[in-house]
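Each chain is listed here by its residues.
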Amino acid sequence: MSLLVKIDRYLRRTNMSRTQFGRLAVNDPRLVTDMIRGRVIGPAVEARITRFIDGREV
């Protein structure tokens, strides 16, 4: 499963906005929108996002 799909599922499940997610996960409110537009993130940022989602699973 791609990271963007994981993020989308998390946002739907938690009713969190894209900007709030980016700000909380990696201190970048434009993260998700930029990823949708083609931004490629590095492995360190991907790991931070994954830890954020896994640490907040409901």
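In what follows, the accompanying structure is described. Position numbers for residues count from 1 along each chain, tracking the sequence in the order it is written. Local features in this predicted model are restricted to residues of pLDDT 70 or higher, and side-chain atom pairs are both shown and tallied only at a pLDDT of 80 or more, whereas totals for entire chains, interfaces and linings draw on every residue. As a rule here, side-chain values cover all heavy atoms of the structure and leave hydrogens and water aside.

Focus on the overall build of the protein chain
Only runs of H or I of at least four residues qualify as helices and only runs of E of at least two qualify as strands under DSSP, and these elements are numbered from the N terminus. Within the protein chain, the regular secondary structure consists of four helices and zero strands. Counting from the amino terminus, helix and strand elements in the protein chain follow one another as α-α-α-α. For the protein chain, the C-alpha radius of gyration of 10 Å lies close to 10 Å, the compact-globule estimate for 58 residues. If you line up the protein chain on its principal axes, its C-alpha atoms span 30 × 25 × 20 Å. Considering the protein chain as a whole, with its 58 residues, one finds that 31% of them fall into the buried category. A radius of gyration in this sense is built from C-alpha atoms; the matching globule rule multiplies 2.2 Å by the number of residues raised to 0.38. Note on exposure labels: buried denotes an accessible area under 20% of the residue type's maximum, exposed denotes more than 50%, and partly exposed covers the range between, all computed with a 1.4 Å probe on protein chains only.

Some points on helix 2 (residues 18-26)
Within the span of helix 2, buried status applies to Phe21, Gly22, Ala25 and Val26. On an axial view of helix 2, the arc spanned by its buried residues comes to 95°, and they lie on one face. Here, two residues are considered to be in contact whenever any of their heavy atoms come within 4.5 Å of each other. The inward-facing, buried residues of helix 2 abut helix 1 (3-14), helix 3 (31-36) and helix 4 (43-55). Among the residues trailing helix 2, Asn27 stands out with phi positive, at a value near 60°. Note that the arc is computed from the directions linking the helix axis to the C-beta atoms.

So, the pattern of salt bridges
One speaks of a salt bridge when a side-chain nitrogen belonging to Lys or Arg is within 4 Å of a carboxyl oxygen belonging to Asp or Glu. Per the stated rule, a full pass over the model turns up four salt bridges. Here Asp28 makes a salt bridge to Arg39, at a shortest N to O gap of 2.7 Å. In this pair, Asp28 sits in the loop between helix 2 and helix 3 while Arg39 sits in the loop between helix 3 and helix 4, placing the two residues 11 residues apart along the sequence. You can call Arg39 partly exposed: its relative accessible area is 33%. Across the pair Asp34 and Arg39 runs a salt bridge, and its minimum N-O distance is 3.6 Å.

Structural notes on the nonpolar core
Take the buried Ala, Val, Leu, Ile, Met, Phe, Trp, Tyr and Cys residues and link them wherever side-chain atoms come within 4.5 Å; each set so joined is a nonpolar core. Counting residues in hydrophobic clusters, the biggest one holds 15 residues, and the most contacted among them are Ile7, Tyr10, Phe21, Leu31, Ile49 and Ile53. For this core, the secondary-structure elements that each account for two or more residues are helix 1, helix 2, helix 3 and helix 4. The element that contributes the greatest number of residues to this core is helix 1, accounting for four residues. Non-local contacts of Phe21, meaning those with residues more than four positions away in its chain, are made with Ile7, Tyr10, Leu11, Met16, Leu31, Val32, Ile49, Phe52 and Ile53.

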